[in-house]
Amino acid sequence: LVLIQFSLWNSFRFIAKPCAINLGIQDSGPHRAQPNAILEKVFTSITKSPDGKRLEGLSKQLDWDVRKIQRWFRHRRNQDKPTTLTKFCESMWRFTFYLSIFFYGIRFLWTAPWFWDTRQCWYNYPFQPLTSRLYYYYILELAFYWSLMFSQFTDIKRKDFLIMFVHHLATIGLITFSYMNNMVRVGTLVLCLHDASDFLLEAAKLANYAKYQRLCDAFFMLFGVVFIVTRLGIYPFWILNTTLFESWELVGPYPSWWLFNGLLITLQILHIIWSYLIVRTAYKALVRGKVSKDDRSDVESSSEEEDATPNSTKGVFSTSSNGSNRVNGHVPGGQWTEE
C-alpha cells in the first residue's frame, strides 16, 4: 500500500501540473551558483557552510571578497531545492488525500455509535467486529503515514525535522498498535480528528504557491483555529478522557493501556508545541498586517531575499526568490516546506 501511495502521487502529477501551469506557476528553480571547481570541491567534500577562517582562506585563494563567497555557498545550497511547480503538485496531492480521507472518516463515523458515545469504544472490548470499511480506513491512513515517513528523508531538512520524525513514529505506532489490539474504534476518532485541519494547511500552501496571498492568509488563520480547537480542546477532553478514564473504568488496567496512552500523550505534547508556533505566527500577522514568515522553514532561505530584502515582510510560506515554499507535515514554524 505504501508503494501504491507513491504510484498515486506520481500519477497525480499529470493532473496537478496542468493546474499549476494554468495558475501561472513556472517550473523554475532557485538561482544556480556560478561554476567554480574549487568551491564545488569544498562544498561536496568538506563543508556546505564554511566558517570565517575557511572563508578568508578561500577569499585569498580565489581573489574574491568574503561576501561573494558566502553568496555562492547560499546559491549552491539552494539550487537543489525543488521548484515551486514540484511543491505545488505535492501539496495538491496531499490536499486531495487529506480532504478525501477526512470526509470518508466523517461519513463512516456519523453512523458509528462510538462517535456519539465514546464509552461504546470499550463495551465488549476486545471482542468487537472489524468491518471492511473500518479496515480500509485504517490501512489507507497507515500507508499514507509510512509514505510520509520515507519521504521525510528525501525532502529538504527542516528545523522541526526531529519533531516531525517523532510525530510520524508515534502516529504509525498508534495505528499499528491499536489495530493489533483491536482498539480501532477509538483509533478512528483519533485519525478523523487529526485529518480535520491538515487539508486546510495544504490549501493555504496551494494559495501561496499561486500567489494568492490573502487567500493563503485566510486559509492559514482558519487552519490555526481548527488546529487549536481540535488538538488542544477536543483531543484532550474527548479522546484522552476516554482512553485514560473511561477505558480504565470499563475494561480495567489492561497491559497495553500504559503504552497506548503514552503514545497518545506524546502526540498531545507535540500538539502543544505546534500550537505555540501557530499562535506566534498569528501574532506576527497581527503586528505586520499579514501572516508573517512561518517559523518552521527550510534550513536555507534564499540568497536573493537575504541580499536584497533582509528586513522586508514576507508571507507565511515565503522561502525563495521565486516564491517557492514547502511544508512537510502538519504545522508551521519557519520558512515553509511540510505537514
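Whatever comes next refers back to the structure up there.
Keep in mind the model is a prediction, meaning the values are calculated, not measured.

(A) Focus on the overall build of the chain. If you tally the helices and strands in the chain, you get 12 helices and zero strands. Walking the chain from its N terminus toward its C terminus, one meets helices and strands in the order α-α-α-α-α-α-α-α-α-α-α-α. A total of 339 residues make up the chain; the buried ones form 54% of that total. By element, 64% of the accessible surface of the chain is carried by carbon and sulfur atoms, the whole surface being about 15900 Å².

(B) Geometry of a nonpolar patch on the surface. A cluster of nonpolar side chains, Tyr-104, Leu-130, Tyr-135, Tyr-136, Tyr-179 and Met-180, forms an exposed patch at the surface whose accessible area comes to about 610 Å². Elements supplying a minimum of two residues to the nonpolar patch: helix H7 (132-151) and helix H8 (161-180). Note that Tyr-179 resides in helix H8.

(C) Structural view of unusual backbone geometry. The amide bond that connects Tyr-125 to the next residue, Pro-126, takes the cis arrangement and shows omega of 5 degrees. Residue placement: Pro-126 occurs in the loop between helix H6 (113-116) and H7. Here Asp-63, not a glycine, exhibits a phi torsion of approximately 60 degrees, which is positive. In this structure, Asp-63 sits in the loop between helix H3 (52-62) and helix H4 (66-78). Here Asp-63 falls in the exposed class, since its relative accessible area comes to 71%. In this structure, Asn-182 is a non-glycine residue whose phi angle is positive, near 60 degrees. Residue position: Asn-182 is located in the loop between H8 and helix H9 (184-209).

(D) Structural view of the packing of H9 against helix H10 (residues 213-250). One can describe the packing of H9 onto H10 by two numbers: an axis separation of 8 Å at closest approach and a directional angle of 170 degrees. Here H9 lies roughly antiparallel to H10, going by the angle between them. In terms of residue class, the contact of H9 with H10 is made up of 22 nonpolar, seven polar and two charged.

(E) Spatial organisation of the pattern of salt bridges. In total, this model carries four salt bridges according to the counting rule given. Of the charged contacts, one joins Glu-202 and Lys-205 as a salt bridge, the two residues approaching to 2.9 Å between their closest N and O atoms. Of this pair, Glu-202 and Lys-205 both sit in helix H9, three residues apart, roughly one helical turn. Side by side, Glu-202 and Lys-205 carry an identical accessibility label, which is buried.

(F) The arrangement of the packing of aromatic side chains in detail. One pass over the full model with this rule turns up 24 aromatic pairs. Ring centres of Tyr-104 and Tyr-137 lie 5.7 Å apart, and the angle between their planes is 55 degrees; on these two criteria the pair is classed as tilted. Taken as a pair, Tyr-104 in helix H5 (residues 84-110) and Tyr-137 in helix H7 lie far apart in primary sequence, 33 residues in all. Overall, the relative accessible area of 31% leaves Tyr-104 in the partly exposed class. Consider the rings of Trp-248 and Trp-258, whose centres lie 6.1 Å apart with planes at 85 degrees: the pair is edge-to-face. In this pair, Trp-248 sits in helix H10 while Trp-258 sits in helix H11 (residues 257-288), placing the two residues 10 residues apart along the sequence.

(G) Fine view of the environment of Ser-275. Assignment of secondary structure puts Ser-275 in helix H11. Along the primary structure Ser-275 and Leu-232 are separated by 43 residues, whereas in three dimensions their C-alpha atoms are 8.1 Å apart. Setting aside residues no more than four positions away along its own chain, Ser-275 makes contact with Phe-227, Ile-228 and Leu-232.

Rules behind the numbers
Residues numbered from 1 in each chain as written. Predicted model: local features only at pLDDT ≥ 70, side-chain atom pairs only at ≥ 80, totals over all residues. Heavy atoms only, no water. Helix = DSSP H or I, 4+ residues; strand = E, 2+ residues; numbered from the N terminus. Buried < 20%, exposed > 50% of the residue type's maximum accessible area, 1.4 Å probe, protein only. Areas by Shrake-Rupley, 256 points an atom, 1.4 Å probe, with all protein chains shown as cover. Patch = residues over 30% accessible without salt bridge, like charges linked within 9 Å, V, L, I, M, F, W, Y side chains within 5 Å. Salt bridge = Lys/Arg side-chain N within 4 Å of Asp/Glu carboxyl O. Axes fitted to C-alpha atoms, helices over the stretch in contact; angles between N-to-C directions. Parallel < 35°, antiparallel > 145°, perpendicular 65-115°, else oblique. Nonpolar A, V, L, I, M, F, W, Y, C, P; charged D, E, K, R; others polar. Phe/Tyr/Trp six-rings, centres within 6.5 Å; stacked < 30°, edge-to-face > 60°. Contact = heavy atoms within 4.5 Å.

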